[in-house]
Amino acid sequence: MVKFSKQLEAQLIPEWKEAFVNYWQLKKQIKKIKLSQIPKQPPQLDHEFGRSIRFLAHKFSKTFFCSGDASSEIIQVRSKTMEGGNEDVYYQTELLQLFSEEDEVKVFFERLDDELNKVNQFYKAREMELLERGTLLNKQLDILTDLKRLLTNRRRKPGFLPPSNSWSSSPRNSDFSETTNESSNETNGEASETEEVIASLEKNGVSFINSATRSKSKKGSTKMALRIDVPATNPTRTISAITSMLWEDLVNNPKKEGPTDFVNRKKIQCAEKMIRGAFVELYRGLGLLKTYSSLNMLAFTKILKKFDKVSNQQASASYLKAVKRSHFISSDKVVRLTDEVESIFTKHFANNDRKKAMKFLRPQQQKESHMVTFFVGLFTGCFVSLFSVYAILAHLSGIFRPNTGRISYVETVYPVFSVFALLSLHLFMYGCNLFMWKNTRINYNFIFEFQPTTALKYRDAFLICTTFMTSVVSAMVIHLLLRANGFLPNHVDAIPAILLLIFLALLICPFDFFYRPTRYCFLRVLRNIVCSPFYKVLMVDFFMADQLTSQIPLLRHLESTACYFLAGSFRTHEYGTCKNGRLYRELAYVISFLPYYWRAMQCARRWFDECDVNHLANMGKYVSAMVAAGARLTYARQENQLWFGIVLVTSVSATVYQLYWDFVKDWGLLNPKSKNLWLRDDLILKNKAIYYISIALNIVLRVAWVETVMRFHFGIVESRMLDFFLASLEVIRRGHWNFYRLENEHLNNVGKFRAVKAVPLPFRETDSDG
C-alpha cells in the first residue's frame, strides 16, 4: 500500500506546492510527540528492571491519557477575525487538558493552525480571482452576443448599420478595431431592434461615438469606445492588423461622409475563439482549486488520525469540525461557478451538446500504449544490428582506405546521413528531457502551452528517434551493397537524397498518422521563427529557436546536400564545384548567421512588447555569437595572424557572455546569497553535486570552438568524423541545457503560483482619443 505522503506528492499541483498543507513537517512533529512519550531508562538499572519500569510507565501514561470522560473535549478551536476591518478569519487552538508532552503537542497544534490559516487565505485569494475572471468573461460573452446580433442584422440587409453613432477605436492603439457608421435608411423596426442591441452594449460598458467628430459626453469627459484587441500571435494576424490599420487610415477617411465601416464577421469569429479559450482556462482553474480543496482536507484528516493514534486521544473530531467549517471547505462558490461555466459553454460554444462541450472542458489524455514501448525496443535492436552490419560492410568495401571512391562516398553520402544522425540525437536528448521533466514533475505542457491530449511523450520521442535511425542505417547498408555490386555511383548516390525527400514528404503529409499534431506544431513553430519580428513570441518559439542555434552544422550539411544533388554535381563527381563557388561560400555565412539572427529578432520583439531591457541584453548575446561565427568562417579561409586574433577575441567574448547568461539568467544559478552555495534557493534535484557537475560540463562543451582555432590537420574522413563529433557534443550540451532552463522556468511559475494560463480577452474599453 502506497503511503499517503507519496500519494500527496504525486497528486498535488506543482505550482501550488508551497500553498498546500506541509504534511511532511507535521508528520515530523508527530514523531517528536511519539518520542517524547518514551520514558528514559536510568543508566544504573539492569535490563530486566528497566523493561519493567518502561512497561509500568507506558500503562501509567495510557491510564492518564484515557482517564475521565471520553467524550470531553481535549482541544478547542476558536475562529477570530483579523484586525483591519477585513473579513479574513484565522483559527487558533487551545489545549483544554494537560499533556505529559505539553510542549510538543502545543507546537503541533500551533503549526496545524498556521497550515489551516495558510490554506484558507490561499484558497480565498484564488477563489476571488476566478470569480472576477468569471464575471469579466460573462460581460465579454454578452458583448460578443450583441455584436453577433448586429452582424446578423447587417447580413439580413446589406445597408443596415447602427442609427446614431459608430463603434470605433484608435487604430494606433489596437491590433484590430471594429467600427460601425451612421445609417439613415433603416426601417423603424430595424432601428428599434438596433437601439435595443446598442442599449445592451452600453449596459455592458460600451459607448458609441462618432469616429469623425470624436464627440464627448455632457460633462466634458471623453467617452469610451470598445476595441477588439486580438494579439498578433502569428504572422498572419500581424499582417491582418497592419492591413486593417492602413485600410482605416487610407480608405476610411474620417472626413468622408456616409457609412464606411462595419462589424467584420471574421474578426468577430476570432474574438469568439479567444473567449472560448478563456472559458476553457477558467474551467481548468476551477478544477485545480477543487483538487486543492479536496487534497488539503484529506491531508488534515490523515495527520489528525496519526495524532490520535500517537497520543491515545480523540482530538481529530473536534479539529475536523473546525476544518469543515473553514472557507476552503464550506464555500460553494467554486462549485456553482463550475456548473455555470459548463452551462454557458454548452449553450454558446457547443450548440447545446454537452458531450461536445466536455471534450473541450475536460480533454481526456491518451493512455500510454505498451505497443510504443515494444516498437522502441524493436527498432533499437534493429538499429544496433544494422549498424554492426554497416560497420563490417564499410570495412570490407574499403571506404576508409585512401582512394577516389572513399572521397566520393564521404562528400555525397556523409552530409545527408549526418543530418539524420544529428536530428535523431536531438530527438533522443529531447526524449531524455521529457523523461526527466515528468519524473521531477516539471509541468512542461503548461510552460510550452501544449495540449495534454496531443503533446509528445518521452516514449513517443524515443520511438521517432529509433525509427529514424533504423531507416537511415538501413539505407546506408543498401547503399554500400549496391556500390559493392557494381552499380553506377550517380545512381547509387541518389539514395540519400531519396531518403531525405521521403522524410520531408512525411513531415508535411496532411493525413492523420505518425504524430500529425506534433508534426504540424513543429512546422508552425518553424514558421513563427522565420517570421520572428512579426508576431508575439511565445516560450515554445524561442525555446525552439535556441535549439536551431545548436544545429548550425546540420543546416550546413543541408546546404552541401542541396548543392550536390540539385546542382547535378553528383553525376560528374566534381566535388570542387560547390566548395569553390562564390555563392556557396557566401551562403555559408547566411546559414551560420540565420539561427542567431532569428533569435535576436525574437529578443527585439519581446523588448518591444514588454519594454524589458533584459531582452536587449539577451539580443546582444546572439549578436556577439554571430560575430564570432563569422570570424571563425573567415579564418578557416584566410589563415593569418590578424584573423587569428579576431577569432580569439570575438570567440572568448561570446563564450563568456553565453556562460554568464546560461548560469545566471537561464538557469538562475551562481547566486552568492543563496542558501545553497552558488546555486539557487530552490532546487528540484536533491543531489546538489549534479548542479556543480553540470556547470563544469557546460563550460567544457561551450569552448569546443577551440578546435577551429587549433587547426588540427587530418584526412578527409577523420576531419568529417571530428566535425560530426563536435556537432554531437553541441547537441548534447543543448539537451543538457534544456532541463535546467525549464526547471528555472517552472520554479518561477511556482514562486508566483502560476498554474493557469492567462488568456487575453478581445473586448476592452479604451480612450477614444488615444
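This is a predicted model, so every value here is computed, not measured.

A.B. asks: Got a minute to help me understand the overall build of the protein in this structure?
C.D. replies: For the protein, the helix and strand inventory stands at 29 helices and four strands. Buried positions account for 44% of the 770 residues belonging to the protein. In the protein, of all internal contacts separated by at least 6 residues, the share reaching a separation of at least 24 is 75%. Surface exposure of the protein reaches about 40,600 Å², of which carbon and sulfur atoms provide 60%.

A.B. asks: Even after reading the chapter, I still don't get unusual backbone geometry, so can you show me in this structure?
C.D. replies: Leave glycine aside and you will find that most residues have negative phi; peptide bonds, for their part, are mostly trans. A positive phi is found at Asn-352, a non-glycine position, where the angle reads about 60°. Asn-352 sits in the exposed class, given a relative accessible area of 60%. At Tyr-515, a residue that is not glycine, the phi angle is positive and equals roughly 60°. Using a relative accessible area of 22% as the deciding quantity, one classes Tyr-515 as partly exposed.

A.B. asks: Would you mind showing me how to read a positive patch on the surface here?
C.D. replies: Residues Lys-3, Lys-6, Lys-28, Lys-31, Lys-32, Lys-34, Lys-302, Lys-305, Lys-306 and Lys-309 make up a contiguous surface patch of positive charge. Elements with a minimum of two residues in the positive patch: α2 (23-36) and α7 (265-311).

A.B. asks: It is not clear to me how the packing of aromatic side chains should be interpreted in this structure. Could you clarify?
C.D. replies: We describe a pair of aromatic rings using the distance from one ring centre to the other and the angle between the two ring planes. Taken as a whole and judged by the stated rule, the model has 37 aromatic pairs. Ring centres of Phe-279 and Phe-349 lie 5.9 Å apart, and the angle between their planes is 50°; this geometry places the pair in the tilted category. One end of the pair, Phe-279, is in helix α7; the other, Phe-349, is in helix α10 (residues 333-349), and 70 residues separate them in sequence. Each member of the pair Phe-279 and Phe-349 is classed as buried. Summarising the aromatic geometry, the rings of Phe-739 and Tyr-740 are spaced 5.2 Å apart at their centres and angled 85° between planes, so their arrangement reads as edge-to-face. Accessibility assignment for this pair places Phe-739 and Tyr-740 in one class, buried. Members of the aromatic cluster, connected to one another through ring pairs, are Tyr-430, Trp-437, Tyr-444, Phe-448, Phe-450, Phe-543 and Trp-737. Geometry around Tyr-520 places Arg-516 over its ring, the cationic atom sitting 4.7 Å from the centre. Over the aromatic face of Trp-661 sits the side chain of Lys-665, whose NZ or CZ is 5.7 Å from the ring centroid.

A.B. asks: What's the story with the packing of α7 against helix α8 (residues 316-325) in this structure? I'm lost.
C.D. replies: For any two helices packed against each other, one specifies the crossing angle of their axes together with the interaxial distance. Running from amino to carboxyl end, α7 crosses α8 at an angle of 165°, the nearest separation of the two axes being 10 Å. Considered as vectors, α7 and α8 are oriented roughly antiparallel to each other. Considering only the axes of α7 and α8, their crossing is right-handed. Across the interface between the two elements, Met-297, Phe-300, Thr-301, Leu-304 and Asp-308 of α7 pack against Ser-316, Tyr-319, Leu-320, Val-323 and Lys-324 of α8.

A.B. asks: Can you help me understand a nonpolar patch on the surface in this one?
C.D. replies: Residues Met-371, Phe-374, Phe-375 and Leu-378 make up a contiguous nonpolar surface patch of roughly 360 Å² in combined accessible area. Its place among the elements puts Leu-378 in helix α12 (residues 370-397). On the basis of relative accessible area, Leu-378 is assigned to the partly exposed category, the value being 37%.

A.B. asks: Hey, could you run me through the side chain of Ser-560 in this one?
C.D. replies: Here Ser-560 shows up in helix α21 (residues 552-566). For Ser-560, a relative accessible area of 7% puts it in the buried group. In this view, Ser-560 contacts Pro-415 and Tyr-584; residues no more than four positions away in its chain are not counted.

A.B. asks: It is not clear to me how helix α16 (residues 458-484) should be interpreted in this structure. Could you clarify?
C.D. replies: In an α-helix, one full turn covers 3.6 residues, which means residues spaced three or four apart are oriented alike. Its 27 residues give α16 an end-to-end C-alpha distance of 39 Å, which sits within 8% of 39 Å, the value for a rise of 1.5 Å per residue. Of all 27 residues in α16, 19 are buried, a share of seventy percent or more. After α16 finishes, the residue Gly-486 shows a positive phi value of roughly 85°.

A.B. asks: I keep staring at helix α19 (residues 516-530) and nothing clicks. Help me out?
C.D. replies: In a regular helix each residue adds 1.5 Å, so 15 residues correspond to 21 Å; α19 covers 21 Å between its end C-alpha atoms and thus fits that length. All buried positions along α19 are accounted for by Arg-519, Val-525, Asn-528 and Ile-529.

A.B. asks: Can you walk me through the pattern of salt bridges in this structure?
C.D. replies: Should their charged atoms come close, side chains of opposite charge can pair. Applying the stated criterion across every chain, the model contains 19 salt bridges. Note that Arg-149 and Asp-146 form a salt bridge whose closest N and O atoms lie 3.9 Å from each other. Taken together, the positions of Arg-149 and Asp-146, both in helix α4 (residues 102-156) and three residues apart, correspond to about one turn of that helix.

A.B. asks: Quick question: what am I supposed to make of the environment of Lys-106 here?
C.D. replies: On the secondary structure map, Lys-106 appears in helix α4. Residue classification places Lys-106 among the partly exposed positions, given a relative accessible area of 45%. With 13 residues separating them in the primary sequence, Lys-106 and Thr-93 have C-alpha atoms 8.8 Å apart.

A.B. asks: Help me out: how do you make sense of the nonpolar core in this one?
C.D. replies: The nonpolar side chains of soluble globular proteins are, as a tendency, buried together. Core analysis: the largest hydrophobic core is formed by 69 residues, its most contacted members being Trp-16, Phe-108, Leu-112, Phe-279 and Tyr-292. Of all the elements in the fold, those that place two or more residues in this core are α1 (4-11), α2, α4, α7, α8, α10 and α11 (354-361). It is α7 that contributes the most residues to this core, 20 residues altogether. For Tyr-292, the residues in contact, after removing those within four places along its chain, are Ile-13, Trp-16, Ala-19, Phe-20, Val-119, Phe-122 and Tyr-123. Of all hydrophobic cores here, the second largest spans 66 residues; its members include Tyr-390, Tyr-430, Ile-495 and Trp-737.

A.B. asks: Where do I start with the environment of Val-706 in this structure?
C.D. replies: If you trace the backbone, Val-706 turns up in helix α28 (residues 706-710). For the pair Val-706 and Val-652, spaced 54 residues apart in the sequence, the C-alpha separation amounts to 9.7 Å.

A.B. asks: Looking at this structure, I do not really get the side chain of Glu-281. What am I missing?
C.D. replies: By the element assignment, Glu-281 lies in helix α7. Although Glu-281 is buried, it makes no salt bridge; Arg-284 carries the closest opposite charge, 4.2 Å away. For Glu-281, the residues in contact, after removing those within four places along its chain, are Val-756, Lys-757 and Val-759.

A.B. asks: I would appreciate a short explanation of the confidence of the model for the protein in the present structure.
C.D. replies: Low pLDDT marks stretches whose predicted atomic positions should not be read closely. Model confidence for the protein is summarised by a mean pLDDT of 80, while 74% of its residues fall at 70 or above. Below a pLDDT of 50 lies the segment residues 251-262, which in the model reaches 21 contacts outside its immediate sequence neighbourhood of four places, other chains included. Confidence over residues 766-770 falls short of pLDDT 50; this stretch has 17 contacts with residues more than four positions distant or in other chains.

A.B. asks: Explanation requested: the environment of Asn-640 in the structure shown.
C.D. replies: With respect to the element layout, Asn-640 can be found in the loop between α25 (613-637) and α26 (641-666). Engagement of the side chain of Asn-640 in a polar contact is seen with the backbone nitrogen of Leu-642, the distance being 3.2 Å.

Reading the values: the criteria
In this numbering scheme, every chain counts its residues from 1 along its sequence in written order. For a predicted model such as this one, the threshold for reporting local features is a pLDDT of at least 70, and the threshold for listing and counting side-chain atom pairs is 80 or more; totals across whole chains, interfaces and linings nevertheless cover every residue. For side-chain calculations, the full set of non-hydrogen atoms in the structure is used, while hydrogens and water are omitted. Helix numbering and strand numbering both begin at the N terminus, where a helix is a DSSP run of H or I of at least 4 residues and a strand a DSSP run of E of at least 2. Under the scheme applied here, a residue whose accessible area is under 20% of the maximum for its type counts as buried, over 50% as exposed, and between as partly exposed, the area being computed with a 1.4 Å probe on protein chains only. The contact criterion used throughout is that any non-hydrogen atoms of two residues lie within 4.5 Å. For accessible areas, the Shrake-Rupley method is used with a probe of radius 1.4 Å. Any residue's cover is judged against the shown protein chains and nothing else. Like charges within 9 Å and nonpolar side chains (Val, Leu, Ile, Met, Phe, Trp, Tyr) within 5 Å are joined into patches, using only residues over 30% in relative accessible area that form no salt bridge. Salt bridge, as used here: a side-chain nitrogen of Lys or Arg that lies within 4 Å of a carboxyl oxygen of Asp or Glu. When charges are counted, Lys and Arg contribute as positive and Asp and Glu as negative, whereas His and the chain ends are disregarded. Where a charge lies is defined by one atom per residue type: Lys uses NZ, Arg uses CZ, Asp uses CG and Glu uses CD. Pairing of aromatic rings covers Phe, Tyr and Trp, the last counted by its six-membered ring, and requires centre-to-centre distances within 6.5 Å; plane angles under 30 degrees mean stacked, over 60 mean edge-to-face, and any other angle means tilted. We call a charge positioned over a ring when the NZ of a Lys or the CZ of an Arg lies within 6 Å of the ring centre and within 35 degrees of the ring normal. A fitted line through C-alpha atoms serves as each axis, taken over the contacting stretch for helices, and the angle formed by two N-to-C directions is quoted from 0 to 180°. Roughly parallel refers to an angle under 35 degrees, roughly antiparallel to one over 145, roughly perpendicular to one between 65 and 115, and oblique to any angle outside these ranges. With the far helix as reference, a near helix turned anticlockwise by less than a right angle produces a left-handed crossing, and one turned clockwise produces a right-handed crossing. The length a helix should cover is 1.5 Å for every residue beyond the first. Residues belong to one nonpolar core when they are buried, are Ala, Val, Leu, Ile, Met, Phe, Trp, Tyr or Cys, and are joined through side-chain atoms within 4.5 Å. Residue-level confidence of the predictor is summarised by pLDDT, bounded by 0 at the bottom and 100 at the top. Any N or O atom pair separated by 3.5 Å or less is treated as a polar contact, with the protein-specific requirement of one donor-capable and one acceptor-capable atom, and with residues adjacent in sequence counted only for side-chain atom pairs.

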